[in-house]
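# Fold and geometry: a report
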Amino acid sequence: MPTKTTTVELAAEMTIAWLSNPNNRATINDVPVILRSMYDAVAKLSAATYRNGSKALKPEYTPAVSVRKSLANPDYIISLIDGKSYKALRRHLTMNGLTPDEYRERYGLKPDYPTVSEGYSEVRRAMAKKIGLGRKPGQRLTSQVEATSETLPAEPRLTTETVASVKSE
């Protein structure tokens, strides 16, 4: 169970950390002044947090490239986070702690902004169609039926003559 740190405790810890730095030259008379300024700063920050509905202010994110440039090439999408190109953004967004919806919200993108490049999407679509995804059970493509009938030789049929010849051998 986490304990809630009070403003006084947090200000005291920050003051101790600041005074323990050997580069700071503070006298014993400066300690109350430093403690008071740390307390005022912490109190001001916590009051701003509570005043805004107990949520921290959202930082402004500037995209690495423009939205238009990120979608310019059909072979890849350029990330607005780091400006690098990706076929699909899902893993990249996960590594940055974002979902696609949070990514769209962060940069003010439309809900239909893609997270997969057009070219990669077409390749995956063609692969899925080739293995038969998206069809109802028992349904076959007419081109598959024609292709199989052309490539396969006619099935040998068992007749009484072939059975008799096998038995005699």
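The following refers to the structure shown. (Residues numbered from 1 in each chain as written. Predicted model: local features only at pLDDT ≥ 70, side-chain atom pairs only at ≥ 80, totals over all residues. Heavy atoms only, no water.)

Turning our eyes to something else, we now look at the overall build of the chain. Counting secondary structure elements, the chain contains eight helices and two strands. Each helix (α) and strand (β) of the chain, taken in turn from the N terminus, gives the series α-α-α-β-β-α-α-α-α-α. For the chain, the residues scored as buried account for 14% of the 169 residues in total. Summarising the internal contacts of the chain: among those between residues at least 6 apart in sequence, 41% fall at separations of at least 24. When the accessible surface of the chain is split by element, carbon and sulfur atoms take 57% of a total near 14200 Å². (Helix = DSSP H or I, 4+ residues; strand = E, 2+ residues; numbered from the N terminus. Buried < 20%, exposed > 50% of the residue type's maximum accessible area, 1.4 Å probe, protein only. Contact = heavy atoms within 4.5 Å. Areas by Shrake-Rupley, 256 points an atom, 1.4 Å probe, with all protein chains shown as cover.)

What follows covers the nonpolar core. Among the nonpolar cores identified, the biggest contains 11 residues, and these are Val65, Ile77, Ile78, Leu80, Leu89, Leu93, Leu98, Tyr103, Tyr107, Leu109 and Tyr113. Counting only elements with at least two residues in this core, the list comes to strand E1 (77–78) and helix H5 (100–107). When near neighbours in sequence (up to four residues on either side) are disregarded, Leu98 contacts Ile81, Leu93, Tyr103 and Arg106. (Core = buried A, V, L, I, M, F, W, Y, C linked by side-chain atoms within 4.5 Å.)

On to the side chain of Arg104. By secondary structure assignment, the location of Arg104 is in helix H5. Polar side-chain contacts of Arg104 include one of 3.2 Å to the side chain of Asp101. Within the local environment of Arg104, its side chain forms a polar contact with the backbone oxygen of Tyr113, the two atoms lying 2.7 Å apart. Setting aside residues up to four positions removed in sequence, Arg104 forms contacts with Leu109, Lys110, Pro111, Tyr113 and Thr115. (Polar contact = N/O pair within 3.5 Å; in protein donor to acceptor, adjacent residues only side chain to side chain.)

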